Amino acid sequence: MKRKIIFLLVLMFIMKLNASALTYGGCEYSTISRLKSLVTNVNISYSYHMEGNEPYFDVTLTNITPDMYFKDTLTNTIYNYDNTNNGEITITNYKGYSGSYKFYSTNGACYGISLGTKYYKFPSYNNYYTDEQCADIKNYSLCQKWVNVNYNYDEFSKLIAEYKESLNAKDDDELDVEYNNGLLNTIISFYTKYYYLILIGIILICSVIIFINRRRNKFDL
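Now for a description of the structure that goes with this document. Since we're looking at a predicted model, the values are computed, not measured.

Some thoughts on the pairing of strand β8 (residues 98-105)
Across the eight residues that make up β8, a large majority, six, are buried. Pairing geometry for β8 and strand β9 (residues 114-121), over seven bridges, is antiparallel. Counterpart to Ser98 in the pairing with β9 is Lys121.

Listed below in structure tokens is the structure:
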């Protein structure tokens, strides 16, 4: 009898655990799982426009559904499906920050349950990008448009000057190499064109030397 009672108690405890495992705050886990999969389908892209010498970023989110709303953690602004155009919304005029959107459920008993987070981060704009010192060296790292430059203007100018000097030194080295290669190519070309004359000349010179040596040896005898 005691064993039956213990068995029933254990069985009831297991059933209670299973029932708890299938719900979360009155919301079934299957529903939460479905809603979270909807959030994973949300896509984020951004574009930018310039005002003066400062970029402003616009973020576009697509695939928003009526089952969700989200909060911009940077501004604490809340958006829902009614703010979108068929599930698409563009949030404008960010000024080079990073942040995230936290998504929540609007579905009945699941309302307010967290469904996931999407992150955004904008590149750093180089304020020296339009500086006249960068006009002819846009490929240099300190002159590229989207790079984080933490130098003051004097430091920046010094680094630019050093970089240009290194380019000039490199150009001089390349000229020396080109000159040496050109001279070598000229010699090779001349030899290829007149090698038979050169060979005949060498043979004649060697013959004269041999003849003179033989005459000297004969004279010594």
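Topic: the pattern of salt bridges
For the coordinates displayed, the defined rule picks out two salt bridges. When the shortest N-O distance is used, the salt bridge between Lys95 and Glu54 registers 3.7 Å. In this pair, Lys95 sits in the loop between β7 (89-94) and β8 while Glu54 sits in strand β4 (residues 54-62), placing the two residues 41 residues apart along the sequence. On the basis of relative accessible area, Lys95 is assigned to the partly exposed category, the value being 39%.

Things to note about the sheet that holds strand β6 (residues 77-80)
In spatial order, the strands read β6-β5-β8-β9; together these four strands make up an open sheet with antiparallel pairing. The sheet terminates laterally at β6 and β9, the two strands that pair on one side only. Adjacent strand axes in the sheet meet at a mean angle of 25 degrees, parallel and antiparallel pairs treated alike. As paired strands, strand β5 (residues 68-72) and β8 are joined by five bridges and run antiparallel to one another. Paired with Met68 across the strands is Ser105, a residue of β8. Strands β5, β8 and β9 of the sheet are contacted by helix α2 (residues 29-40), whose axis makes an angle of about 15 degrees with β9.

Observations concerning the pairing of β5
For a regular strand, side-chain orientation follows a simple rule: the groups alternate between the two sheet faces. Here β5 lies mainly inside the structure; four of its five residues are buried. Across four bridges, the pairing between β5 and β6 is antiparallel. Each residue of the ladder has a partner; that of Asp72, found in β6, is Thr77. Hairpin connection between β5 and β6: a loop of four residues separates the two successive antiparallel strands, and Asn76 in this loop has a positive phi of roughly 60 degrees.

Looking at the state of the cysteines
With the rule as written, the count across this model stands at two disulfides. The side chain of Cys27 participates in a disulfide bridge whose partner is Cys110; the two sulfur atoms lie 1.6 Å from each other. Disulfide Cys27-Cys110: torsion about the S-S bond near 80 degrees, hence right-handed. Placement of Cys27 in strand β2 (residues 27-28) and of Cys110 in the loop between β8 and β9 is noted, with a sequence separation of 83 residues between them. Across a sulfur-sulfur distance of 2.0 Å, Cys134 and Cys143 are joined as a disulfide pair. Judged by the sign of its S-S torsion, about -70 degrees, the bond between Cys134 and Cys143 is left-handed. Note on Cys134: relative accessible area 0%, which makes it buried. Exposure remark for Cys143: the relative accessible area of 0% places this residue in the buried category. What links to what in the protein: the bonded cysteines, counted in sequence order, pair as 1-2, 3-4.

Thresholds applied
- Residues numbered from 1 in each chain as written.
- Predicted model: local features only at pLDDT ≥ 70, side-chain atom pairs only at ≥ 80, totals over all residues.
- Heavy atoms only, no water.
- Buried < 20%, exposed > 50% of the residue type's maximum accessible area, 1.4 Å probe, protein only.
- Helix = DSSP H or I, 4+ residues; strand = E, 2+ residues; numbered from the N terminus.
- Pairing = 2+ DSSP bridges.
- Salt bridge = Lys/Arg side-chain N within 4 Å of Asp/Glu carboxyl O.
- Axes fitted to C-alpha atoms, helices over the stretch in contact; angles between N-to-C directions.
- Contact = heavy atoms within 4.5 Å.
- Disulfide = S-S within 2.5 Å.

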